[in-house]
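Each chain, letter by letter, is given below.
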Amino acid sequence: MNSVSRPNNELPHWFTQKAEARLQFLYGLERTHELMERLLERLQEVPPHPAPLKEEQWNEQDIILITYGDTVQQVNEKPLQTLYEFLTLHLQDCINSVHVLPYFPYSSDDGFAVIDYKTVDPQLGEWSDIERISKNFHLMTDLVINHVSRENLWFIDFLSRKEPGCHYFIDMPPDTDVSMVVRPRSTPVLVPAHTHEGVHHVWATFGEDQIDVNFSNPDVLFEFIDILLLYISKGARFIRLDAVAFLWKKIGTRCINLRETHEVVKLLRDIVDVVAPGTILITETNVPNGENLSYFGNSDEAHMVYQFTLPPLLLHALHHGNSHFLSQWAKDTPRPQKQCTYLNFIASHDGIGLRPAEGILPEQEVLSLVDAMHQYGGYVSMRSDQFGKESPYEINITLFDALKGTRKGLDNYQVQRFICAHTIMLALQGIPALYIHSLTATPNNYQGVEQSGRTRTINRRKWQYNELLDLLNNPSSSNAMTFHELKRLFRIRRKQPAFHPDARQETISLGDSLFAFWRISPDQQQRILSVSNITPEVQTLQLPKHPLASGSGVWRDLIERTALSKGTRKLKLYPYQSAWLEALD
């Protein structure tokens, strides 16, 4: 992304035009002038941001690690300091970005019920720890934009009926018809709040400790603009808009993906493009595939969207040993628009969302997958539709244990299957993001679930640093085998121009036992065929026609570091083996 010149902090005309139109749509013509002046005054106070160090937004070297600030701990040290040590000593040669999940004071949901947006949780560390990480890695920070903790000072003001918080929340009669509202939970939409004026009922999409803010009040928008600018000033390069699809509410609608929500995201995009070029806005929208892709807008909304459909489809493919649905989805996935790309992941701090598979996996296939995950020790979170019917929303399980077997039961291919899943993810178009508990092959954390009473804790273990290092230094442990092989794959990936996020992708059909696609570098100088055996049986790959008409006709497997003899037409792939076949001149 090119930098934007702002001599004397003057904002460019394109920005004022776009921002004015967005504010008018959101808040009406009468308020536009006042709000526009307020916005310009605020942004002109922001020091000009240094131009990005490189011309392009991203490249094949970008790999993101997802972690909580306290996933790795040791005695007498703040967790953010321990995390920094772990990153620099063990990962700096193979990843360049880190998503530190909410590191602010919170009351529940492991950080996503924020008490104070502008303070680092003192149990984790302080701003200097965050800034130190950001100086060595590209930092992703969560902007938890839809809701706040009940302990947040804004909500305390609401309860006391004081300015400004008394106007920051959605206060409605308890008998308001909210039956059309799309929910990720089965809890009530409106929850009681005991104010100084009696009991009021406020909107709570995710539960009674996460109270939704009211973006129809422009003061709320400006609060979050200030928070966004703070995070950028502290070194955040990626800004993740958490649960943003639910942002705007209108009674009589589904209250999800509304046009007003899209306009808010576009306004935030305009702001980061003008005051901090190089900053990347990411929408976290755990919704069906088409709705998710809508957050690219017309190359004027999110720079990146989470590839939410990938985790359930890849899990299904490996569970059934059949790539049919995965391949069809990959073929249908559009190439991202200019200055946009996907964030690919197959595990995260949350579970494996099932809504993104709607319309792609038949319902019976989803239910079969849910039953299998129960057998492998997982849980399932439910949601209610407008008729009160409950359906599976999310599978809660570590990916390592989710892949301990197939629909035929347990087997001895857990590590191989797990590596196969990540090899596929690393090769797909976009930027790969790997959860720390996948990197360390962490099993289900039942003790944590018992202590917290929350099923999501199954995938949120806290490691003692010395305990983790002992496992990673034990070559016979599944943790070490996974850790070192994934790091090796990272290093290989980062050297291939064909894995640039903007490189073209073409899915090809080589039979349901294989999943295969081409990646072609932006300059078309490198072509890689990524192919994976997704079954527990040996498969023979019939190599497609070599794409280079002239030259040697030789293939080189980048993973095995071997060249295939000229004229080779077949390649044997062992259970869950993957190959990255580079076509050589």
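Source: prediction; values computed, not measured.

Assigned secondary structure in the protein chain consists of 17 helices and 27 strands. With respect to the principal axes defined by its C-alpha atoms, the protein chain has extents near 80 × 55 × 50 Å. Evaluated residue by residue, the protein chain yields a buried proportion of 62% over its 585 residues. A fraction of 71% describes how many contacts in the protein chain between residues 6 or more apart in sequence connect residues 24 or more apart. Measuring between centres, the 56 positive side-chain charges of the protein chain sit 8 Å from its 69 negative side-chain charges.

On to the packing of aromatic side chains. Using the criterion set out here, one finds 25 aromatic pairs in the structure. Measuring from centroid to centroid gives 5.2 Å for Phe 400 and Phe 418, while their planes differ by 90°, and the two rings are edge-to-face. Of the two residues, Phe 400 sits in helix H12 (residues 399-402) while Phe 418 sits in helix H13 (residues 414-427), which places them 18 residues apart along the sequence. By relative accessible area, Phe 400 is classed as buried at 6%. Under the relative-accessibility criterion, Phe 418 is labelled buried at 0%. In this structure an aromatic cluster arises from ring pairing among Tyr 117, Trp 154, Tyr 168, Phe 215 and Phe 224. Note that Arg 132 overlies the ring of Tyr 84, its terminal NZ or CZ placed 3.9 Å from the centroid. Residue placement shows Arg 237 over the ring face of Phe 238; its charged tip is 5.4 Å from the ring centre.

Reading across from one edge, E20-E21-E22-E27-E24-E25 is the order of the six strands in this open sheet, with antiparallel pairing throughout. Either end of the sheet is taken by a strand with one partner, and the two such strands are strand E20 (504-508) and strand E25 (562-564). The average angle at which neighbouring strand axes cross in this sheet is 25°, direction not considered. Two strands pair when backbone bridges link them, and strand E21 (residues 514-520) and strand E22 (residues 527-533) are joined in this way by seven bridges, in the antiparallel orientation. By the bridge assignment, Phe 517 is partnered in E22 with Ser 530. Against the sheet, H13 makes contact with E21, E22 and strand E27 (578-583), and its axis sits at roughly 35° relative to E27, the strand it touches most.

This paragraph deals with the sheet that holds strand E13 (residues 352-353). With antiparallel pairing, the three strands of this open sheet are ordered in space as E13-E15-E14. Each of the sheet's edge strands pairs with one partner strand only, and the pair in question is E13 and strand E14 (379-384). On the sheet, helix H11 (residues 363-375) packs against E14 and strand E15 (390-396) and is oriented at approximately 45° with respect to E15.

With 173 residues, the main nonpolar core has Leu 39, Phe 215, Phe 224 and Trp 580 as its most contacted residues. Among the elements that make up this core, the one with the highest residue count is helix H6 (residues 218-233) (ten residues). Among all residues touching Leu 39, those that are not within four sequence positions of it are Phe 15, Ala 19, Leu 23, Phe 222, Ile 225, Leu 267 and Ile 271. One finds Val 531, Leu 573, Ala 579 and Ala 583 within the second-largest nonpolar core, a separate group that totals 15 residues.

A few words on the confidence of the model for the protein chain. On average, residues of the protein chain carry a pLDDT of 94, and 96% of them reach 70 or more. Segment residues 1-8: pLDDT under 50, and 26 contacts once partners within four positions in sequence are set aside and those in other chains are kept.

Tallying each qualifying case throughout the model produces 30 salt bridges. Of the charged contacts in the structure, one is a salt bridge between Asp 270 and Arg 22, with a shortest N-O distance of 2.7 Å. With Asp 270 in helix H7 (residues 259-275) and Arg 22 in helix H1 (residues 13-27), this residue pair connects regions lying 248 residues apart in the sequence. Taking the shortest distance from any N to any O, the salt bridge between Arg 42 and Glu 45 comes out at 3.5 Å. Note on Glu 45: relative accessible area 52%, which makes it exposed. Connected through salt bridges with shared partners, the residues Asp 109, Asp 110, Asp 350, Glu 394, Arg 454, Arg 456 and Arg 460 form a single ionic network.

This brings us to the pairing of E20. In the sheet, E20 pairs with E21 via five bridges, with the strands oriented antiparallel. By the bridge assignment, Gln 505 is partnered in E21 with Arg 519.

For the pair H6 and H7, interaxial distance at closest approach is 12 Å and the crossing angle is 40°. The chirality of how H6 crosses H7 is right-handed. Together, Leu 221, Ile 225, Leu 228, Leu 229 and Ile 232 of H6 and Val 264, Leu 267, Leu 268, Ile 271, Val 272 and Val 275 of H7 make up the contact between the two elements. Per-class residue counts for the contact of H6 with H7 are eleven nonpolar, no polar and no charged.

Here we take up the pairing of strand E1 (residues 64-67). Neither face of E1 is exposed, since Ile 64 and Ile 66 on one face and Leu 65 and Thr 67 on the opposite face are all buried. In this sheet, strand E18 (residues 431-435) lies alongside E1 in parallel orientation, the contact comprising three bridges. Residue Ile 66 lies in a different strand from E18, and its bridge partner there is Tyr 435. Here four bridges tie E1 to strand E3 (residues 97-100), and the two strands are oriented parallel to one another. Note that in E3 the partner of Thr 67 across the bridge is Val 100.

Another aspect to go through is helix H10 (residues 324-332). Within H10, burial applies to Leu 326, Ser 327, Trp 329 and Ala 330. Angular distribution of buried residues about the axis of H10 spans 165°; they occupy a single face of the element. Buried positions along H10 lie against helix H8 (289-293), helix H9 (310-320), E20 and E21.

Rules and cut-offs
- Residues numbered from 1 in each chain as written.
- Predicted model: local features only at pLDDT ≥ 70, side-chain atom pairs only at ≥ 80, totals over all residues.
- Heavy atoms only, no water.
- Helix = DSSP H or I, 4+ residues; strand = E, 2+ residues; numbered from the N terminus.
- Buried < 20%, exposed > 50% of the residue type's maximum accessible area, 1.4 Å probe, protein only.
- Contact = heavy atoms within 4.5 Å.
- Lys, Arg positive; Asp, Glu negative; His and termini not counted.
- Charge placed at Lys NZ, Arg CZ, Asp CG, Glu CD.
- Phe/Tyr/Trp six-rings, centres within 6.5 Å; stacked < 30°, edge-to-face > 60°.
- Lys NZ or Arg CZ within 6 Å of the ring centre and 35° of its normal.
- Pairing = 2+ DSSP bridges.
- Axes fitted to C-alpha atoms, helices over the stretch in contact; angles between N-to-C directions.
- Core = buried A, V, L, I, M, F, W, Y, C linked by side-chain atoms within 4.5 Å.
- pLDDT = per-residue confidence, 0-100.
- Salt bridge = Lys/Arg side-chain N within 4 Å of Asp/Glu carboxyl O.
- Left-handed = near helix turned anticlockwise from the far one by under 90°.
- Nonpolar A, V, L, I, M, F, W, Y, C, P; charged D, E, K, R; others polar.
- Arc of directions from axis to C-beta.

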